[in-house]
Amino acid sequence: MSQERLLTISNQSKNLSEVRQVVAEMLEPSTFDRKQTNEIILAVDEGLANVVEHAYQGGLGEIKLIFGLDDDSFRVHVRDNGILFEPSELRDAVDIHAHIKKGLKGGLGLFLMKRIMDDVYYTHDGPDYVNELVMVKKVPAVGGETS
Amino acid sequence: MPEAYQAKPLDAGRYELTLAGRVYADATPQLKDHLMALADQGLRGLLVDASDLEQIDSSGLNVFVSLLKRIRPDGGKIAFYGLNPNIQRVFEITKLATVMSVEVERSAALGSLA
């Protein structure tokens, strides 16, 4: 089992629903159960929403997505040509009390993404993009759980 | 979709909001405007019926974080009930359940606003 899908969207939040649909369609025949699929959809949504909101700083821009599913993992690559994103902004923990006290708006989404997926990282060395967000989730064995 | 998000007054300063379906970034601006307008009018307790809520992302959660920041200095509280396992997991991961009440039953959630 191996499949790949490509999608190019503009950085508008209205396009998030199409991406959710693609992820749901790809995972439907896989061994991810409904709960895992919903979590992955949420994680991809969070990662992409961050790119939509911040990459082009209010301007219009293009985002390329590559989805890959095989027997080992489900992978999503999100590529943009916006401002350079610092990977250090990926948080290992959220202090929700400080979050409320300071009125922070960001952070929760990327934290969710990192907790749900098995691997999340950024690359910046592609020939046709500035940032590439890569999200990976291991495919569970039949009747089993991901590690 | 945002038109469905209309909090109903319960009693002085307390309102009940029903969420349904999926609350994502493309649907939250009007929800935030609505709740912040109620906060300006004296909202100090918000009961949230999430029985028919399928999923909520961080932009939706941030609406309630922003509201809590606004009303908490005046003793304001937010209480959810009826969360499905997906959303319970989100509340656990983000630790939102430590700053907002999360109950199974409406009566318990309402009681936590007292």
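What you see is a predicted model; the values in this text were computed from it and never measured.

**Q** What is the right way to look at the overall build of chain B in this model?
**A** What chain B contains, in helices and strands, is four helices and five strands. Element order for chain B, N to C, with α for helix and β for strand: β-β-α-β-α-β-α-β-α. Taken over C-alpha atoms, the radius of gyration comes to 13 Å for chain B, in line with the 13 Å a tight globule of 114 residues would show. When its C-alpha atoms are laid out on the principal axes, chain B stretches across 30 × 30 × 20 Å. For chain B, the residues scored as buried account for 54% of the 114 residues in total. For chain B, contacts bridging at least 24 residues in sequence account for 71% of all contacts bridging at least 6. Total accessible area computed for chain B in this model is approximately 4900 Å², and 49% of it derives from carbon and sulfur atoms. Across chain B, the 12 positively charged side chains and the 14 negatively charged ones have centroids separated by 7 Å.

**Q** Whenever I open this one, the nonpolar core confuses me. Can you help?
**A** Across soluble globular proteins, nonpolar side chains show a tendency to be buried alongside one another. Core analysis: the largest hydrophobic core is formed by 78 residues, its most contacted members being Leu65(A), Phe67(A), Phe74(A), Leu46(B), Phe64(B) and Ile78(B). Of the residues forming this core, the biggest block, nine residues, is contributed by helix H2 (residues 34-54) of chain A. In this view, Leu46(B) contacts Ala7(B), Tyr15(B), Leu17(B), Leu35(B), Phe64(B), Leu67(B), Lys77(B), Ile78(B), Ala79(B) and Leu113(B); residues no more than four positions away in its chain are not counted.

**Q** How should the pattern of salt bridges be read in this particular structure?
**A** A side chain with one charge may pair with a side chain of the opposite charge, provided their charged atoms come close. Taken as a whole and assessed by the stated rule, the structure comprises eleven salt bridges over all chains. For the salt bridge of Arg5(A) with Glu25(A), the shortest nitrogen-to-oxygen distance reads 3.0 Å. Highlighted residues: Arg5(A) in strand S1 (residues 2-10) and Glu25(A) in helix H1 (residues 16-27), separated in sequence by 20 residues. Here Arg5(A) falls in the partly exposed class, since its relative accessible area comes to 31%. By relative accessible area, which is 39% here, Glu25(A) ends up partly exposed. The residue Asp74(B) makes a salt bridge to Arg44(B) at a minimum N-O spacing of 3.4 Å. Taken together, the positions of Asp74(B) in the loop between helix H2 (58-71) and strand S4 (77-81) and Arg44(B) in the loop between helix H1 (29-40) and strand S3 (45-56) put the pair 30 residues apart, joining distant regions of the chain. Taken together, the salt bridges that share partners define one network made up of Lys35(A), Glu39(A) and Arg89(B).

**Q** In this structure, what is going on with unusual backbone geometry? I would like to understand it.
**A** For residues other than glycine, phi is negative in most cases, and the peptide bonds are mostly trans. Of note in this structure, Gln57(A) is not a glycine but carries a positive phi near 45°. Residue Gln57(A) is classed as exposed on the basis of its relative accessible area of 62%. The phi dihedral of Lys95(B) falls on the positive side, at around 65°, and the residue is not glycine. By secondary structure assignment, the location of Lys95(B) is in the loop between helix H3 (85-94) and strand S5 (101-103).

**Q** What's the story with the confidence of the model for chain B in this structure? I'm lost.
**A** In regions of low pLDDT, the predicted coordinates are not meant to be interpreted in detail. Residue and element names in this part refer to chain B. Here chain B averages 91 in pLDDT, while 96% of its residues score no lower than 70. Within chain B, the element-level pLDDT minimum falls on H3, averaging 89, and the maximum on S4, averaging 97. Of the two predicted TM-score estimates for the complex, the pTM is 0.82 and the ipTM is 0.72.

**Q** What should I look at first to understand the sheet that holds strand S4 (residues 119-123) of chain A in this one?
**A** Backbone-to-backbone hydrogen bonds pair the strands of a sheet. The strands run either parallel or antiparallel. Residue and element names in this part refer to chain A. If you walk across this open sheet you meet the five strands as S1-S2-S3-S5-S4, and the pairing is antiparallel. Lying at the two open borders of the sheet, with one neighbouring strand each, are S1 and S4. On average, each strand axis in the sheet is tilted by 15° relative to the strand beside it, whichever way the strands run. Where S1 lies against strand S2 (residues 62-70), nine bridges are found, and the strand directions are antiparallel. When the bridges of S2 are listed, Glu4 appears paired with Gly68.

**Q** Is there a simple way to think about H1(A) in this case?
**A** Two residues of an α-helix separated by three or four positions point the same way, owing to the 3.6 residues in each turn. All names here are of chain A. With twelve residues, H1 extends 17 Å between its outermost C-alpha atoms, agreeing within 8% with the 16 Å of an ideal straight helix rising 1.5 Å per residue. For H1, every residue scored as buried is listed here: Leu16, Val19, Arg20, Val22, Val23, Met26 and Leu27. Axial view of H1: buried residues confined to an arc of 160°, hence all on one face. Contact partners of the buried residues in H1: S1, H2, S2 and strand S3 (73-80).

Each value, and the rule that gives it
Residues numbered from 1 in each chain as written. Chains lettered and ligands numbered in written order. Predicted model: local features only at pLDDT ≥ 70, side-chain atom pairs only at ≥ 80, totals over all residues. Heavy atoms only, no water. Helix = DSSP H or I, 4+ residues; strand = E, 2+ residues; numbered from the N terminus. Rg over C-alpha atoms; globule rule 2.2 N^0.38 Å. Buried < 20%, exposed > 50% of the residue type's maximum accessible area, 1.4 Å probe, protein only. Contact = heavy atoms within 4.5 Å. Areas by Shrake-Rupley, 256 points an atom, 1.4 Å probe, with all protein chains shown as cover. Lys, Arg positive; Asp, Glu negative; His and termini not counted. Charge placed at Lys NZ, Arg CZ, Asp CG, Glu CD. Core = buried A, V, L, I, M, F, W, Y, C linked by side-chain atoms within 4.5 Å. Salt bridge = Lys/Arg side-chain N within 4 Å of Asp/Glu carboxyl O. pLDDT = per-residue confidence, 0-100. Pairing = 2+ DSSP bridges. Axes fitted to C-alpha atoms, helices over the stretch in contact; angles between N-to-C directions. Expected span 1.5 Å × (residues − 1). Arc of directions from axis to C-beta.

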